[in-house]
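Coordinates in review
Each chain, written out:
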Amino acid sequence: MSTVCAVSTPLAEGGISVIRISGEKALEVAQKVFVPFSGFGRVADMKGYTCAYGRVVDPASGETADDGLLTVFRAPKSYTGEDTAEISCHGGVFIAKKALRICLENGCEPADRGEFTKRAFLNGKLSLTQAESVMDMISAQGEYALRSARLTREGKLFRDISGVRDRLVKILGELAAWVDYPEEDLPEIEENALRAGLENSIGVLEKILRDYDCGMILRSGIDTVIAGKPNVGKSTLMNLLLGYDRSIVTDIAGTTRDVIEETARLGEFVLKLSDTAGIRETDDTVEKMGVGLARKRIDECALVIAVFDTSTPLDGEDIELLEYVKSRGKRLVAALNKSDLGTAADKSVFEKYTEHIFEISAKQGEGTEEIKKACQEIFSLGGYDPDSTVFANERQKNCAEQALKKLNAALDALNYGETLDAVTVMIDYALQSLMELTGERASQAVVDEVFSSFCVGK
Ligand code: GDP
């Protein structure tokens, strides 16, 4: 495999930038572009897990680009499983690019997105699920998300799925002997044990799939729309949830015309918020577009926080919103705002639409806890076990669903007294799906797809 290099730290100003070189010629390239200060020996002689302080030089001109550290990893004891050299130079965009260019001119090719992690996978350092979790760790926005990604990175998902795989392989072994050599004096297939094995595997997959939605929410955040007629306090509530002033808050009805999207952290999870124009009939062309957008966002989102000014009686527009959200079957939190001004609205109206009704006063900074509680109830996050195994993405989920489908079909075949051949075929399909999940039998296209979502340098 070629020797590749990339800047592995973000291309921005910072303390240090790291240029990672991996491949057969990694140390040969490092030897050319990095000259240790006296006393640090020669790069070619450096042992794995050692560092040298020296200069990054351009061999063509002899010019020094920077001074920094070189860390050497010898195959297979490196992230990629190949010889790897990492140059830590000063953290400037220009310096990092210059050091990278020098490496490229001296025997390296530019690394593709996720190339280092892909090599780690191809060299057997990581399973595909572990490799995917690397990206999840990088993008984790909360403690739960990080913990679940870390558990996967440590191999929990792989182990759980491998447990099912091993059980299926064992069952298939017994079945194969029976199907292929019926005349041999093999012990009878113990149907109850076979059924128990299948049921157990089905149980494990069902549990992981159940936790998927929860895991998804923790990773990506809850896609949330704050809706309500003008002036009820949507922007004020959004700012409260965000913890700083982002939307324009004014007394003029209809100020929030664009859809503004932000991310708010509520404890362990994240709301992806859009603050929309109110839903109402209007002749203003710009506002009409905003109302259309608000409806569209409601159609797409996972949660609607509908805001009402309950210091005044509800009107047709409020009911229109409640009806619209209900007609779309969306999860709804009713935020009865301006509670500091007293209540003039009939609160029982809301009970027809949702159980999650909270009196808040966004202006006085009261409402975050209520919204958090509602989210916990709605998405059952309260009972979420952060140590449970969760799939990282749709790819993994689809593989597990396929496997589950085939295992259920195998169980049905067994229960309806079909031939053991039929049972065997179904279990074999399930096994293949599981091995695609872990990457043991994933096609090149699947592997390429997985790593294409990575950043360069990882
Ligand atoms: P939006 O049009 O729904 O986004 O409403 P805004 O957030 O712009 O708020 C409209 C007006 O209501 C502003 O003057 C806010 O200060 C005021 N307001 C918002 N929330 C409250 C509240 O809880 N109590 C009171 N008394 N006023 C509020």
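Source: prediction; values computed, not measured.

Let's shift gears to empty space enclosed by the protein. Enumeration according to the criterion identifies one cavity of 30 Å³ or more in this entry. Here the largest cavity is characterised by a volume of approximately 30 Å³. Ser-148, Leu-151, Thr-152, Lys-156, Leu-157, Ser-388, Thr-389 and Val-390 together form the lining of the largest cavity. When residues of the lining of the largest cavity are traced back to their parent elements, those giving at least two are α5 (143-153) and α6 (156-180). Broken down by element, the lining of the largest cavity gets its largest block of residues, three residues, from α5.

As a further point, take the environment of Arg-328. Its location among the elements puts Arg-328 in the loop between α10 (316-327) and β12 (331-337). Exposure remark for Arg-328: the relative accessible area of 42% places this residue in the partly exposed category. Distance from Arg-328 to Asp-299, taken between C-alpha atoms, is 6.5 Å for residues 29 residues apart in sequence. At 2.9 Å, the side chain of Arg-328 forms a polar contact with the side chain of Asp-299.

Below, the discussion takes up α6. The end-to-end C-alpha separation of α6 is 35 Å, in line with the 36 Å expected for 25 residues at 1.5 Å each. Among all positions of α6, only Leu-157, Ile-161, Ser-162, Val-164, Arg-165, Leu-168, Ile-171, Leu-172 and Leu-175 are buried.

Below, the discussion takes up the side chain of Ser-361. Assignment of secondary structure puts Ser-361 in the loop between β13 (357-359) and α11 (368-378). For Ser-361, a relative accessible area of 0% translates into the label buried. Side-chain polar atoms of Ser-361 contact the side chain of Asp-340, separated by 2.8 Å. Excluding anything up to four places from it in sequence, Ser-361 contacts Asn-337, Lys-338, Ser-339, Asp-340 and Glu-366.

Right, let's get into the packing of aromatic side chains. The full count for this structure, using the stated rule, is five aromatic pairs. Grouping aromatic residues by their ring pairs yields a cluster made of Phe-37, Phe-40 and Tyr-53. Against the face of Phe-116 rests Arg-20, its NZ or CZ located 5.0 Å from the ring centre. Taking NZ or CZ as reference, Lys-458 lies 4.9 Å from the ring centre of Tyr-79, over its face.

For the bond from Ala-75 to Pro-76, the omega torsion is 0°, close enough to zero to count as cis. Along the chain, the position of Pro-76 falls in the loop between β5 (63-73) and β6 (84-90). In this model, Asn-231 sits at a positive phi of 75°, which is unusual for a non-glycine residue. Position of Asn-231 relative to the elements: it lies in the loop between β8 (222-227) and α8 (234-242). Classification of Asn-231 by relative accessible area gives partly exposed; the value is 36%. With a phi close to 65°, Lys-338 is a non-glycine residue in the positive phi region. Structurally, Lys-338 can be placed in the loop between β12 and β13.

Scoring rules and cut-offs
- Residues numbered from 1 in each chain as written.
- Predicted model: local features only at pLDDT ≥ 70, side-chain atom pairs only at ≥ 80, totals over all residues.
- Heavy atoms only, no water.
- 1 Å grid on protein atoms, 1.4 Å probe; cavity = no way out; pocket = protein on both sides within 12 Å on 5 of 7 lines; lining within 4 Å.
- Points joined across faces, edges and corners; volume = space filled by probe spheres on them.
- Helix = DSSP H or I, 4+ residues; strand = E, 2+ residues; numbered from the N terminus.
- Buried < 20%, exposed > 50% of the residue type's maximum accessible area, 1.4 Å probe, protein only.
- Polar contact = N/O pair within 3.5 Å; in protein donor to acceptor, adjacent residues only side chain to side chain.
- Expected span 1.5 Å × (residues − 1).
- Contact = heavy atoms within 4.5 Å.
- Phe/Tyr/Trp six-rings, centres within 6.5 Å; stacked < 30°, edge-to-face > 60°.
- Lys NZ or Arg CZ within 6 Å of the ring centre and 35° of its normal.

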